[in-house]
Amino acid sequence: MTDISPFGIRRAAIIRATPERIWEEFTTHERMSAWYGTGHELTHYEPRVGGRVETTFGDVPNVARGRVLVYNPCRELTFEQRWIGPDWTGREWAAPAKVTILLTPVAGGTLVELFHHGYDLLGGDPAEYLSGFEGGWDTHHLDALAVLVAA
Amino acid sequence: MTAGDLAAAFPTISRPAVSRHLRVLREAGLVVAIQAGREWRYTLDPAPLAEVTQQWFAKFAPLWEEALANLRRRAEA
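Residues numbered from 1 in each chain as written. Chains lettered and ligands numbered in written order. Predicted model: local features only at pLDDT ≥ 70, side-chain atom pairs only at ≥ 80, totals over all residues. Heavy atoms only, no water.

A.B. asks: Just checking my understanding: could you explain the side chain of A:Thr55 for this structure?
C.D. replies: Checked against the element boundaries, A:Thr55 lands in strand β3 (residues 52–57). Residues contacting A:Thr55, with those up to four places away along its chain left out, are A:Tyr36, A:His40, A:Glu41, A:Leu42, A:Thr43, A:Asn62, A:Val63, A:Ala64 and A:Gln81. (Helix = DSSP H or I, 4+ residues; strand = E, 2+ residues; numbered from the N terminus. Contact = heavy atoms within 4.5 Å.)

Shown next, in the form of structure tokens:
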């Protein structure tokens, strides 16, 4: 199993289906992009270790690309996501970020965990990436806690 | 900072060029000009840049909650 870097975000849901059923959604480009291609487009997806994964957005092609690192049916999918060219700060990434999806059978269904992680290896300030990818709003509580603890 | 201060910080750029740059930055909302006596003072406003950054993040990664909701809809159907 992939080591989940603490510099990342996690989203989770319990889905009322078996891991086998859920994994079917990861088995082709068409099925994967039907759920994962939100906010951006999943332009390429090869469901095998070493397969290429590519997402794009915007009028000017903004591309993130990587390889599948783990393809462990019904359990784990991990692929790299490396920004191509300088990001919005003008920085070229030293290493790719990673997307890890874990499936764990639980009573009544499957725990689906989605991690976007490895911000400590990109080369910039991990805190900046963390707050950015969290979307800002749901870190407000932690920001408030940090202020209280520092007081 | 005044236009003079800024021009002094960029000795290889001509004074008129500095003024033109400032005008473009003001029009883009990245620099705010406040009149102080006979001079204009310029300050940086990073808010529009933060907006660009936020858009970048939102598009670069999928909307995670939405992606999970999509997966749920398909798998539970």
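A.B. asks: Can you help me understand the interface of chain A and chain B in this one?
C.D. replies: Note: interface size is frequently given as the accessible area lost on complex formation between the parts. Listed per partner, the contact involves 33 residues of chain A and 19 residues of chain B. Here chain A meets chain B over a buried area of about 2,700 Å², counting both sides, of which 70% is carbon and sulfur. The largest contributions to the chain A side of the interface with chain B come from A:Trp35, A:Thr38 and A:Trp88, which together make up 23% of the buried area. Across the chain A-chain B interface, the total number found is three salt bridges. Note that A:Glu25 and B:Arg74 form a salt bridge whose closest N and O atoms lie 2.7 Å from each other. Here chain A and chain B share six residue pairs in polar contact (both at pLDDT 80 or more) between them. Looking at the side of chain A that touches chain B, the elements with two or more residues in it are β1 (8–15), α1 (19–23), α2 (29–36), β5 (76–83), β7 (109–117) and α3 (126–133) of chain A. It is β1(A) that contributes the most residues to the side of chain A that touches chain B, six residues altogether. (Buried area = accessible area lost by both parts, 1.4 Å probe. Salt bridge = Lys/Arg side-chain N within 4 Å of Asp/Glu carboxyl O. Polar contact = N/O pair within 3.5 Å; in protein donor to acceptor, adjacent residues only side chain to side chain.)

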